[in-house]
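Structural description and commentary
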Amino acid sequence: MSQDSKVKTTESSPPAPSKARKSLPVLDPSGDYYYWWLNTMVVPVMYNLIIVICRACFPDLQHGYLVAWFVLDYMSDLLYLLDIIVRFHTGFLDQGILVVDKGRIASRYVCSWSFLLDLASLVPTDLVYLRLGPHTPTLRLNRFLRVPRLFEAFDRTETRTAYPNAFRIAKLMLYIFVVIHWNSCLYFALSRYLGFGRDAWVYPDPAQPGFERLRRQYLYSFYFSTLILTTVGDTPLPAREEEYLFMVGDFLLAVMGFATIMGSMSSVIYNMNTADAAFYPDHALVKKYMKLQHVNRRLERRVIDWYQHLQINKKMTNEVAILQHLPERLRAEVAVSVHLSTLSRVQIFQNCEASLLEELVLKLQPQTYSPGEYVCRKGDIGREMYIIREGQLAVVADDGVTQYAVLGAGLYFGEISIINIKGNMSGNRRTANIKSLGYSDLFCLSKEDLREVLSEYPQAQTVMEEKGREILLKMNKLDVNAEAAEIALQEATESRLRGLDQQLDDLQTKFARLLAELESSALKIAYRIERLEWQTREWPVPEDLAEADDEGEPGEGTSKDGEGRTGQEGPLGPGL
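What you see is a predicted model, and the numbers here were worked out from it, not measured in a lab. (Residues numbered from 1 in each chain as written. Predicted model: local features only at pLDDT ≥ 70, side-chain atom pairs only at ≥ 80, totals over all residues. Heavy atoms only, no water.)

**Some points on the overall build of the protein**
- In terms of helices and strands, the protein carries 20 helices and 13 strands.
- A burial count over the protein gives 32% of its 576 residues as buried.
- Within the protein, residue pairs in contact and separated by at least 24 positions form 69% of the contacts whose partners lie at least 6 positions apart.
- Surface accessibility of the protein: about 37,400 Å² in total, with carbon and sulfur atoms responsible for 60%. (Helix = DSSP H or I, 4+ residues; strand = E, 2+ residues; numbered from the N terminus. Buried < 20%, exposed > 50% of the residue type's maximum accessible area, 1.4 Å probe, protein only. Contact = heavy atoms within 4.5 Å. Areas by Shrake-Rupley, 256 points an atom, 1.4 Å probe, with all protein chains shown as cover.)

Structure follows, in structure tokens:
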């Protein structure tokens, strides 16, 4: 066959359909699917941890439900096997990035201790049933090696639950139950080994009425173990060495358990107190201060009622301190989700940039006012604006009784006082008395915080000033002439400043030129002096000066004084 026919045959033959293999997705270890799978693994691990030891120590339990145990055993083994498959499809973080390469995931898992423990927990020890019989559940003790998955599930649940302290207490109670359960099973097994009813310490003889039932056997053993491990006492004295050793071991375990319980409960209580201190201000210090300063009873009662209102209604006044450990971006998102809807109701903040509102949300300070408390009074200097989150406030006359208007949730006041609008006839003074009718929750935004944010958004500042000017025009509190005069004065000031800047630039230029000329002159003078020195070195020396120098050289017995004279030492002294 020719080469052309081969090509035609190849082109005419249809391509073989490729079967796409659907592989399991890679799980995120911090995702929901992995979390729910961990919770699923709690069931087989707890089954093996509680039931296997019970079946090994209570033969009647093993014999009476053998078929059910086989079904549950192999269902748990199936979940163990599926857990290994899930481990091969669970990603991990490398430099903060989730690794989804299954080859890297498999190699990392295989080289870890977890893989060895998982394999050891699935060793088919049940095959020994063929030799020892099906009533030896101790062959399944290797299933306990999967207990780390139980601890991992508990840790994930503790970080996700809304009640971590309650979960810690429940987890502690579960651990205590497991320890007492194991101890009761071992007590019954030891009693059977020593002989039922041989003394008062072991389990009574099952031949006695009521003690032959399985439920009675377990409850009696559990009760006896509880007495020992709680060190309550009222237990029969041991009579044999094995019994003494068992009691000593239980006492040591009880001491360690007692220390663990006390430490865990202390940690839970400390965490609860710390959380309360973080969410709510400490009123004990304020109460002590008021007593030391002899504050009147009425004012003290108002302060105590305010603290009580915060505690009962779960009001927080220090949100910034609570969220301070979050990254700035994440803290902004939390604040936006909570307070952005409230801030967007303010008229001067409408249609502003989203980033500006996010910055402002971080500056909001929650405040709570008691019934009858004034938020602001007429004539006060306005340094902040308020947004009503919950409650009612009244605009009252100077007598504090006459009400002009009632402000409810979602309204705001004081926004004009924090924006320096030219021509504002009221200036930065409050124009009304605002009093809280009941307990009112407000958001406070200070002028300094607004100015700090607007310094990065000059265009938004211009838009807000225009909106504030429109509001003042509607209220007839904008002096147009004063605004024009102030604008003209500002323009004149800016013009003078520009002129001064120009003059300063000219002076700096002249000064730099003088410095350059001075440096040039200094270099020229230095060059001339150096040249003169070289020229004087080349001049010839006169003969008379040379002869005088030769005669004036000092010899033996002569000395030359400082003036170049030589003197000989005579009877009256040198040179005389």
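Additional details are given in the paragraphs that follow.
**Considerations on the pairing of strand β5 (residues 384–390)**
- In this structure, β5 lies alongside strand β10 (residues 440–446), joined through 6 bridges in antiparallel fashion. Paired with Ile 387 across the two strands is Phe 443, which belongs to β10.
- Examined bridge by bridge, β5 and strand β8 (residues 412–413) share 2 bridges and lie antiparallel to one another. Looking across to β8, one finds that Ile 387 is bridged to Tyr 412. (Pairing = 2+ DSSP bridges.)

**Comments concerning helix α4 (residues 66–88)**
- Relative to the 33 Å expected for 23 residues at 1.5 Å per residue, α4 spans 34 Å between its end C-alpha atoms, a close match to the ideal helical length.
- Residues of α4 that are buried: Trp 69, Asp 73, Ser 76, Asp 77, Tyr 80, Asp 83, Ile 84, Val 86 and Arg 87.
- On its buried side, α4 packs onto α2 (32–57), α3 (59–64), α5 (102–110), α6 (113–121) and α8 (147–160). (Expected span 1.5 Å × (residues − 1).)

**Regarding a nonpolar patch on the surface**
- A cluster of nonpolar side chains, contributed by Leu 24, Leu 78, Leu 81, Leu 82 and Ile 85, occupies part of the molecular surface with about 420 Å² of accessible area.
- Along the polypeptide, Leu 81 turns up in helix α4. (Patch = residues over 30% accessible without salt bridge, like charges linked within 9 Å, V, L, I, M, F, W, Y side chains within 5 Å. Salt bridge = Lys/Arg side-chain N within 4 Å of Asp/Glu carboxyl O.)

**Remarks on the sheet that holds β8**
- Spatial strand order, β3-β10-β5-β8: 4 strands in an open sheet with antiparallel pairing. The strands lining the two open edges of the sheet, one partner per strand, are β3 (365–369) and β8.
- Here β3 runs beside β10; their pairing, made up of 5 bridges, is antiparallel. Opposite Thr 368, over in β10, you have Asp 441 as the bridge partner.
- Across the sheet, helix α15 (residues 328–343) is in contact with β5 and β10; its angle to β5 comes to roughly 105°. (Axes fitted to C-alpha atoms, helices over the stretch in contact; angles between N-to-C directions.)

**Side note on α8**
- In this model α8 runs 20 Å from its N-terminal to its C-terminal C-alpha over 14 residues, within 8% of the 20 Å that 1.5 Å per residue would give.
- Along α8, the residues that are buried comprise Val 147, Arg 149, Leu 150, Ala 153, Phe 154, Thr 157 and Glu 158.
- Each element contacted by the buried residues of α8 is listed here: α2, α4 and α9 (164–194).

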